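An overview of the molecular structure
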Amino acid sequence: ATQESRVMRMGVSRSRARVAASVAVVAFIAASASVSGASALNVTSLEETLSHSPERWTYWSNTQLTEFVQGMERGSPDRCKAYTIGESAMGQSLWVLSVTKVPGVIKPGRPEMSLEGVPAFLYVGNMHGDEPLGRQLMFYLAEELCAGAAEEPAVDRILSSGVVHLLFSLNPDGFDLKTRGNANGVDLNRNFPDAIKRKGNLTLLGTEEPESEAIARYAAQLGTTLVGATLLHEGALVVNYPMDGAVSGSKVRREANPSVDDALFRYLAQRYIDVQPELQRNPEFPTGKVQGSMWYPVSGQIVYHLFSLLCWIYLPLS
């Protein structure tokens, strides 16, 4: 089947179905780690990694982000690889930290990684500049992945069978400016080709923002190794899963538009909800989850562009 027909059907490939269990495990481990609290985090590792350790429970600057990812690689060069996937509108680096214990994937001292055949999961934070919580939580998750695997059997199990990619801030300019959009005032999560409006054609138009182009290019480079991803948002306590656009094109009327992966998405969402008490007692979303177009329909989101490559789910955190 062509990419267009796959996207229009919102279908799932056999290869992606085979690795669905890996996605579920990663999502579950992330959820378990997030409720373990500050006592489970390796607080002292930061002092060893950063020359000027920032105050722990504050939002760290883009300069501190750069120092952190480079320090993580220095501290665990056989497990952690820091690199950029492009630049923002203002020329700031879009940093990724990849973590794995699979032999041969990361080669210390060499820029490339050997990812073929190794399943991977991608976390994306700070797509909206004024939603920094996900980016900050990823610092703590990175510490656990880079320094805590020997102490956490569950983390060790994940890293021994796959790769976790952490894209801390897709919108570092918006973070500095304290704005939802990037430096050009564009909402990056409305800046992608829309599968419904363009009848399945996901080709970039060349008018996308540099941040949008960077993550699209990065996902394409990862290719079939990337089996799942989550975007860490703020704004509500709910797990939002595809699809987000109304088939009719309406921007105001709520209407169901589930993907054929709907059962998998609901399963992943529930695994996360099961270990998150806050999501279990939210009167706005009693079940803790919502299919996007039944919340509010939008177009041009990243989920449409990447859905043909992987399983994608949103985690609004606050």
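Data block above holds the structure.
Now for a quick tour of the structure. (Residues numbered from 1 in each chain as written. Predicted model: local features only at pLDDT ≥ 70, side-chain atom pairs only at ≥ 80, totals over all residues. Heavy atoms only, no water.)

**Brief notes about unusual backbone geometry**
We count it as follows: Helix and strand definitions follow DSSP, with helices as H or I runs of at least four residues and strands as E runs of at least two, each counted in order from the N terminus.
Residue Pro-242 is joined to Met-243 through a cis peptide bond whose omega torsion reads 5°. You can see Met-243 is positioned in the loop between strand E6 (239–241) and helix H10 (262–273). Within the chain, Asn-126 stands out as a residue other than glycine whose phi angle is a positive 60°.

**Here's the deal with the packing of helix H5 (residues 62–75) against helix H6 (residues 133–147)**
How we decide: The axes used here are C-alpha line fits, helices contributing only the stretch in contact, and every angle between their N-to-C directions lies in the interval 0 to 180 degrees. Note on angle classes: values under 35 degrees are labelled roughly parallel, values over 145 roughly antiparallel, values of 65 to 115 roughly perpendicular, and the remainder oblique. If you view the pair so one helix is near and one far, a crossing is left-handed when the near helix is turned anticlockwise from the far one by less than a right angle, and right-handed when it is turned clockwise. In this analysis, two residues are considered to be in contact whenever any of their non-hydrogen atoms come within 4.5 Å of each other. Put simply, Ala, Val, Leu, Ile, Met, Phe, Trp, Tyr, Cys and Pro go in the nonpolar bin, Asp, Glu, Lys and Arg in the charged bin, and everything else, Gly too, in the polar bin.
Contact pair H5 / H6: the axes reach a minimum separation of 11 Å and the direction vectors enclose 15°. The orientation of H5 with respect to H6, classified from their angle, is roughly parallel. For the element pair H5 and H6, the recorded crossing hand is left-handed. In this structure, H5 uses Asn-62, Leu-65, Phe-68 and Met-72 to contact H6, whose residues at the interface are Arg-135, Phe-139, Ala-142, Glu-143 and Cys-146. For the contact of H5 with H6, a count of residues per class yields 6 nonpolar, 1 polar and 2 charged.

**A closer look at the pattern of salt bridges**
Basically, it comes down to this: A side-chain nitrogen of Lys or Arg and a carboxyl oxygen of Asp or Glu constitute a salt bridge if their distance falls within 4 Å. Using a 1.4 Å probe on the protein chains alone, a residue whose accessible area is under 20% of its type maximum counts as buried, one over 50% counts as exposed, and one in between counts as partly exposed.
Counted according to the given criterion, the structure contains 7 salt bridges. Across the pair Arg-180 and Glu-131 runs a salt bridge, and its minimum N-O distance is 3.7 Å. Highlighted residues: Arg-180 in the loop between helix H8 (172–177) and helix H9 (210–222) and Glu-131 in the loop between strand E3 (120–125) and H6, separated in sequence by 49 residues. Owing to a relative accessible area of 10%, Glu-131 belongs among the buried residues under this scheme.

**Let's talk about the state of the cysteines**
Definition in use: Two cysteine sulfur atoms form a disulfide, by the criterion used here, when they sit within 2.5 Å.
Counted under the stated rule, the structure contains 1 disulfide. Between Cys-80 and Cys-146 runs a disulfide, and the two sulfur atoms are separated by 2.3 Å. One end of the pair, Cys-80, is in strand E1 (residues 80–87); the other, Cys-146, is in helix H6, with 66 residues separating them in the sequence. Cys-146 carries the same exposure label as Cys-80, and that label is buried.

**Some thoughts on the packing of aromatic side chains**
Our working rule: For this analysis, a ring pair means two rings from Phe, Tyr or Trp (six-membered ring only for Trp) whose centres lie within 6.5 Å, classed as stacked if their planes differ by under 30 degrees, edge-to-face if by over 60, and tilted for the remaining angles.
Throughout the structure, instances matching the rule amount to 10 aromatic pairs. Considering the side-chain rings of Trp-295 and Tyr-296, the 5.1 Å spacing of their centres and the 75° angle between planes classify their relative orientation as edge-to-face. Each member of the aromatic cluster is reached from another via a ring pair, and the members are Trp-60, Phe-68, Phe-139, Tyr-140 and Phe-168.

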